[in-house]
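Residue-level structure breakdown
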Amino acid sequence: MTLRLIEGGRGSSDAPGLLVHGAAQVATMAGGIRRGADQGDAAVLDAAAAGGMASPDAPVVACWDGRVVGVGPRDEVERGLEASGFSLSRFARIDADGGLVTPGLVDPHTHLLFAGTREGELVLRQQGAGYLDILAAGGGILSTVAATRAASEEQLAAHGRRWLDEMCAHGVTTVEAKSGYGLDLATELRLLEVAFQLGREGPLDVVPTWLGMHAVPAEFRARPDGSDAYVRHLVDEQLPGVAAQGRARSADAFCEQGVFTPDQCRRVLDAAAGYGMAIRIHADELAPSGGAELAAELGARSADHLHSPSEAGIAALAAAAASDSPVVATLLPATSWYLMEHEPAPARRFIDAGVPVALGTDFNPGTSPTPSLPLVVSLACIGMRLSPAEALAAVTINAAQAVGMGEEVGSLEPGKAADLVIWRAASIEQLPYWAGADLAEVVIKRGRVVHRRGG
Ligand SMILES: [Zn+2]
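What counts, and at which threshold
Residues numbered from 1 in each chain as written. Predicted model: local features only at pLDDT ≥ 70, side-chain atom pairs only at ≥ 80, totals over all residues. Heavy atoms only, no water. Helix = DSSP H or I, 4+ residues; strand = E, 2+ residues; numbered from the N terminus. Rg over C-alpha atoms; globule rule 2.2 N^0.38 Å. Buried < 20%, exposed > 50% of the residue type's maximum accessible area, 1.4 Å probe, protein only. Contact = heavy atoms within 4.5 Å. Areas by Shrake-Rupley, 256 points an atom, 1.4 Å probe, with all protein chains shown as cover. Lys, Arg positive; Asp, Glu negative; His and termini not counted. Charge placed at Lys NZ, Arg CZ, Asp CG, Glu CD. Donors = N, O, S within 2.8 Å, 3.2 Å for Na, K, Ca; no water. Tetrahedral: all angles 85-135°; square planar, octahedral: opposite > 155°, others 65-115°. Core = buried A, V, L, I, M, F, W, Y, C linked by side-chain atoms within 4.5 Å. 1 Å grid on protein atoms, 1.4 Å probe; cavity = no way out; pocket = protein on both sides within 12 Å on 5 of 7 lines; lining within 4 Å. Points joined across faces, edges and corners; volume = space filled by probe spheres on them. Nonpolar A, V, L, I, M, F, W, Y, C, P; charged D, E, K, R; others polar. Expected span 1.5 Å × (residues − 1). Arc of directions from axis to C-beta. Patch = residues over 30% accessible without salt bridge, like charges linked within 9 Å, V, L, I, M, F, W, Y side chains within 5 Å. Salt bridge = Lys/Arg side-chain N within 4 Å of Asp/Glu carboxyl O. pLDDT = per-residue confidence, 0-100. Axes fitted to C-alpha atoms, helices over the stretch in contact; angles between N-to-C directions. Parallel < 35°, antiparallel > 145°, perpendicular 65-115°, else oblique. Left-handed = near helix turned anticlockwise from the far one by under 90°.

Along the chain, the regular secondary structure elements total 17 helices and 18 strands. Against the globule reference of 23 Å for 455 residues, the chain gives a C-alpha radius of gyration of 22 Å, in line with a compact fold. Across its three principal directions, the C-alpha atoms of the chain cover 80 × 45 × 45 Å. Here the chain holds 455 residues, and 59% of them are scored as buried. Taking all contacts inside the chain whose residues are at least 6 apart in sequence as the whole, residues at least 24 apart take part in 73%. As displayed, the chain has an accessible area near 16,700 Å², and 52% of this comes from carbon and sulfur atoms. Considering the chain, the positive charge centre built from 36 side chains and the negative charge centre built from 55 side chains are found 4 Å apart.

Quick look at the structure:
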């Protein structure tokens, strides 16, 4: 069948349809959450295998009114659209020009909103100071808390827009955003409200998470029972206020030796689940602390960091992995890199155990000030030995699952949000290969071009 080339829609901003063609590869990530050997299956449609990019069988992605309506061989997709009553003339065309097309990336772990910067800590760490040394000296999270409490809603929103723009330019279309630099009800509510409003403003989806249990704030540290008193404050005051506000979809807690114990985390997270919130845990970042075990016990959506899980913790996540809603291991290699740790999280052990793995930036002012999820993909391939396809699953479908949006984003399948990226790279393998390069050529969110490289 001869393909009729339709150029009429090009550049027309009111055409509700979009047809992306000319891709060397389309990594659809279709087929749901990835675990075990499937983590490396990117469900790729390859133009060369279909007879070349000019072939009527070359892969295309068709979008209508913000949704994917067709993915597959060009001829087949176009005939399918016409048979369903779509007029092909209403589809604007975008030529991927031999690039790779993937779903829009999902960053499942960020501390998007804060005030102030902490570049001085990089030098302290070069001199040998550890994370908990800096925290004990009143630096770390607590210095950011002081600056964030003093920041207005407008200042926080301006900061959020700046960094969401940057994430978008790196191919990210959905961002989880934690509170946790307020540690009092008023500031936590302000952070969650700003995160929610940034998502409403668009173009990126922003998924707010309450992380009141990030650290014990200074006003409680002065008390002999400070840590337990803060836990009571979280359960009795912060959480009811956060639940009444209704912006946070999940509750998160920092389960770590020297921060909060598993028992303390269980009290707060159980209470949050009672309000209908999903659970996430900062687990075993610095030392085996029972975080992975607690995530499995509570049926958390995500256990994050997992740099230093115990054997029992790995076994607990493996046991939970076969269920319909497994705990996603959300690994954050930029943080380990930035903290000058030589051993990465045991990503291969999780994959071998069938635990679905996601990757996030952990964007924050102290331990991972990078907004670049593609850089994290490179770090994961180099440091953790993930294959490029495994890493891509970790920042698309598995990351979407980790933030509770697996039915909406993270893969290119009919019915899902038309979130996709055209990369200036010819294959999945080239994504981690050009480490640190600016590869996102065109970023499309809900069927609309929201970023063009250099544009
Ligand atoms: Zn974090």
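Text resumes after the structure shown.
Bringing the coordination of the zinc ion into the picture now. Those protein atoms acting as donors to the zinc ion are His109 (NE2), His111 (NE2), His282 (NE2) and Asp362 (OD), and they sit at 2.0 to 2.6 Å. In this structure, the zinc ion is surrounded by four donor atoms whose angles at the metal cover 79 to 167°, and the resulting shape is irregular. Along the chain, the residues donating to the zinc ion are arranged with the sequence spacing H-x1-H-x170-H-x79-D. Placement of histidine 282 in strand 12 (residues 278-283) and of aspartate 362 in the loop between strand 15 (357-359) and helix 14 (373-383) is noted, with a sequence separation of 80 residues between them. A single burial state applies to histidine 282 and to aspartate 362, both of which are buried.

To continue, consider the nonpolar core. Grouped together as the largest cluster of nonpolar side chains are 105 residues, with contacts concentrated most on Trp210, Leu331 and Leu359. Not counting the four nearest positions on each side in its chain, leucine 331 is found in contact with His305, Leu306, Ala345, Ala347, Phe350, Val357, Ala358, Leu359, Gly360 and Met384. If you look at the next biggest cluster of nonpolar residues, it comprises 17 residues, including Val20, Val61, Val101 and Ile422.

A separate point is empty space enclosed by the protein. For the structure on display, the rule yields five cavities of 30 Å³ or more. Lining the largest cavity are His111, Arg118, Tyr131, Ile141, Tyr181, His214, His282, Glu285, His305, Asp362, Asn364 and Thr367. Class assignment of the residues belonging to the lining of the largest cavity gives a composition of three nonpolar, six polar and three charged. One number sums up the size of the second largest cavity: a volume of about 70 Å³. Around the second largest cavity sit 13 residues that line it, and Pro374, Val377, Trp423, Leu431 and Leu439 are the ones nearest its centre. Among the elements that make up the lining of the second largest cavity, the one with the highest residue count is helix 14 (three residues).

A few words on helix 9 (residues 262-274). The α-helix advances 3.6 residues per turn, and as a result positions three or four apart in sequence lie on the same side. Between its first and last C-alpha, helix 9 extends 18 Å over 13 residues, near the 18 Å set by a 1.5 Å rise per residue. Within the sequence span of helix 9, burial applies to Gln264, Cys265, Val268, Leu269 and Ala272. Taken down its axis, helix 9 places every buried residue within 115° of arc, on the same side. Opposite the buried face of helix 9, at more than 90 degrees from it, the exposed residues are Asp263 and Gly274. Buried residues in helix 9 make contact with strand 10 (205-213), helix 8 (226-245), strand 11 (250-255), strand 12 and helix 10 (291-298). One or two residues past the end of helix 9 sits glycine 276, with phi positive at roughly 85°.

The next subject is a nonpolar patch on the surface. Taken together, the side chains of Leu122, Val123 and Met340 make up a nonpolar region of the molecular surface, amounting to roughly 210 Å² of accessible area. Structurally, the position occupied by leucine 122 is in helix 2 (residues 120-126).

Keep in mind that low pLDDT regions are not for reading the predicted coordinates in detail. Overall, the predicted model of the chain reaches an average pLDDT of 94, with 96% of residues at or above 70. Under a pLDDT of 50 for its full length, residues 1-13 has, in the predicted model, 16 contacts with residues more than four places off or in other chains.

To continue, consider the environment of threonine 361. Following the sequence through the fold, threonine 361 ends up in the loop between strand 15 and helix 14. On the accessibility criterion, threonine 361 (0% relative accessible area) is buried. Distance in space between the C-alpha atoms of threonine 361 and valine 377 is 9.4 Å, their sequence separation being 16 residues. With residues up to four places along the chain from it excluded, the contact list for threonine 361 reads Asp107, His109, Thr110, Leu332, Ala334, Thr335, Ser368, Thr370, Pro371, Ser372, Leu373 and Val376.

A separate point is the packing of helix 10 against helix 11 (residues 311-320). For the pair helix 10 and helix 11, the least separation of the axes is 7 Å and the interaxial angle reads 25°. Judged by the inter-axis angle, helix 10 sits roughly parallel to helix 11. For helix 10 against helix 11, the interelement crossing comes out left-handed. Residue-level inspection shows Ala292, Glu293, Ala295 and Ala296 of helix 10 in contact with helix 11, the latter providing Ala312, Gly313, Ala316, Leu317 and Ala320. Here the contact of helix 10 with helix 11 is built from residues that sort into seven nonpolar, one polar and one charged.

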